[in-house]
Amino acid sequence: MDLAFTPLQDELRAQARGFLESTPEPSWSQLAELGWTGASVAEEHGGAGLTFLEEAVLHEEAGRALLHAPLWSTSCLLPFLPADDQAAVAAGDASWTVALAPLVPDLDTATHVAIVGGDTVWKLDGADRETLATADATRPLGVVSGGEPGRALCSSEVLPALRTRSLAILSLEAAAVGARALELAVAYAKERTQFGRPIGSYQAVSHPLASSYTELELARSLAWWAAWCVAHDDAEAPVAAAAARAEAADAAVAACERAIQTHGGIGFTWEHVLHRLYKRALGIQSWEASSAQLRAEVASELLDTA
């Protein structure tokens, strides 16, 4: 495992961060023009032919920017789609979400919905969609009703791998959300003065932020371990993704809470970004499985292979 980012990955990160700072609400076609939607799609299908590690850079930056687009939900299913569907995603003509539970993510922005029926994953045709009011406005949830299975997309045997990709992506997002919250808190603690000195000089402020730094560094390491395992189809990918999602989500929630406390009253205002970071962190933490459940999966795997 190479622990250093490549020049391509560094350049991709700089480009992604700069674009999302200047264009906070990009369209799906704009993301396609940049090559994000087809980053890991083969070149013969119109993609960039990169690996999941390059795609992971984009997911990390998307989390940091609280991107409101079906990038996560599409990326989970993308490698298992037929070649024509992968090409449509790469071109920006299609995006996907998967209805695996009553609440479906990205239902307001995804153009297609996939469902599981028997031993097959199908495209859902003719269904009604209802987007619900959720705490995190950048990642709405919804429900689908009616409709019927259309054409077959892939075997349902891909579901464990799809879940692993989902957990890995969410861990990358969470680590980035927590890092941004910590950056805001540290900057504020340096400039806000009380009793003639920056509040960051007081241990009651600095020590919790230092704890978040150590927690987030561990979380990010686990997230990139999970990304590496997914990229190389490593046998440890499921346990790596579960460990990463559990640690990263908890670290992000704690970092957001400490950042809000550091900011004091301004941290609770609607105009400040912290409440949106906090809501995304809470959403990731609660999605599909709790951190305790994921840690139980890791423990079970370790004990079974001991």
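Throughout what follows, the structure given in this document is the object of discussion. (Residues numbered from 1 in each chain as written. Predicted model: local features only at pLDDT ≥ 70, side-chain atom pairs only at ≥ 80, totals over all residues. Heavy atoms only, no water.)

Turning to the nonpolar core, a few remarks are in order. Trp96 and Leu277 are the most contacted members of the largest nonpolar core, which has 86 residues in total. When residues in this core are grouped by element, the largest group, 17 residues, is from helix α8 (residues 237-263). Listed in part, the six residues of the second largest apolar core include Ala99, Val113, Ile115 and Leu124. (Core = buried A, V, L, I, M, F, W, Y, C linked by side-chain atoms within 4.5 Å. Buried < 20%, exposed > 50% of the residue type's maximum accessible area, 1.4 Å probe, protein only. Helix = DSSP H or I, 4+ residues; strand = E, 2+ residues; numbered from the N terminus.)

For the pair helix α7 (residues 203-231) and α8, interaxial distance at closest approach is 8 Å and the crossing angle is 155 degrees. Comparing their axes, α8 and α7 come out roughly antiparallel. Crossing geometry of α7 relative to α8 is assigned as left-handed. Across the contact of α7 with α8, the residue classes tally to 23 nonpolar, three polar and three charged. (Axes fitted to C-alpha atoms, helices over the stretch in contact; angles between N-to-C directions. Parallel < 35°, antiparallel > 145°, perpendicular 65-115°, else oblique. Left-handed = near helix turned anticlockwise from the far one by under 90°. Nonpolar A, V, L, I, M, F, W, Y, C, P; charged D, E, K, R; others polar.)

Relative to the helices and strands, glycine 283 resides in helix α9 (residues 274-286). Residues glycine 283 and alanine 62 lie 221 residues apart in sequence; the distance between their C-alpha atoms is 15 Å.

On to the pattern of salt bridges. Applying the stated criterion to the full structure yields 16 salt bridges. The partner of glutamate 297 in a salt bridge is arginine 163, with the nearest N and O atoms 2.9 Å apart. Residue glutamate 297 is located in helix α10 (residues 291-305), and its partner arginine 163 is located in helix α6 (residues 159-191); the two are separated by 134 residues in the primary sequence. Judged by relative accessible area, which is 24%, arginine 163 ranks as partly exposed. A salt bridge links arginine 258 to glutamate 215; the shortest N-O distance between them is 3.0 Å. Taken together, the residues arginine 258 in helix α8 and glutamate 215 in helix α7 connect sequence positions 43 residues apart. On the accessibility criterion, arginine 258 (21% relative accessible area) is partly exposed. (Salt bridge = Lys/Arg side-chain N within 4 Å of Asp/Glu carboxyl O.)

Once that is clear, we can look at the sheet that holds strand β3 (residues 112-117). Ordered in space as β1-β3-β4-β5-β2, the five strands form an open sheet in which the pairing is mixed. Edge positions in the sheet fall to β1 (96-99) and β2 (104-105), since each of these pairs with one other strand and no more. Pairing geometry for β2 and strand β5 (residues 141-155), over two bridges, is antiparallel. Looking at β5, one finds that valine 104 is bridged to glycine 142. (Pairing = 2+ DSSP bridges.)

This part takes up the packing of aromatic side chains. Tallying each qualifying case throughout the model produces three aromatic pairs. Consider the rings of phenylalanine 5 and tryptophan 224, whose centres lie 4.9 Å apart with planes at 80 degrees: the pair is edge-to-face. Placement of phenylalanine 5 in the segment before α1 (7-22) and of tryptophan 224 in helix α7 is noted, with a sequence separation of 219 residues between them. A centroid spacing of 5.7 Å and a plane angle of 80 degrees characterise the contact between phenylalanine 19 and tryptophan 36, whose relative ring orientation is edge-to-face. With phenylalanine 19 in helix α1 and tryptophan 36 in the loop between α2 (28-33) and α3 (52-64), this residue pair connects regions lying 17 residues apart in the sequence. A single burial state applies to phenylalanine 19 and to tryptophan 36, both of which are buried. Above the face of the phenylalanine 5 ring, arginine 13 is positioned so that its terminal group lies 5.0 Å from the ring centre. Arginine 197 extends its terminal NZ or CZ atom over the ring of tyrosine 202, reaching a point 4.7 Å from the ring centre. (Phe/Tyr/Trp six-rings, centres within 6.5 Å; stacked < 30°, edge-to-face > 60°. Lys NZ or Arg CZ within 6 Å of the ring centre and 35° of its normal.)

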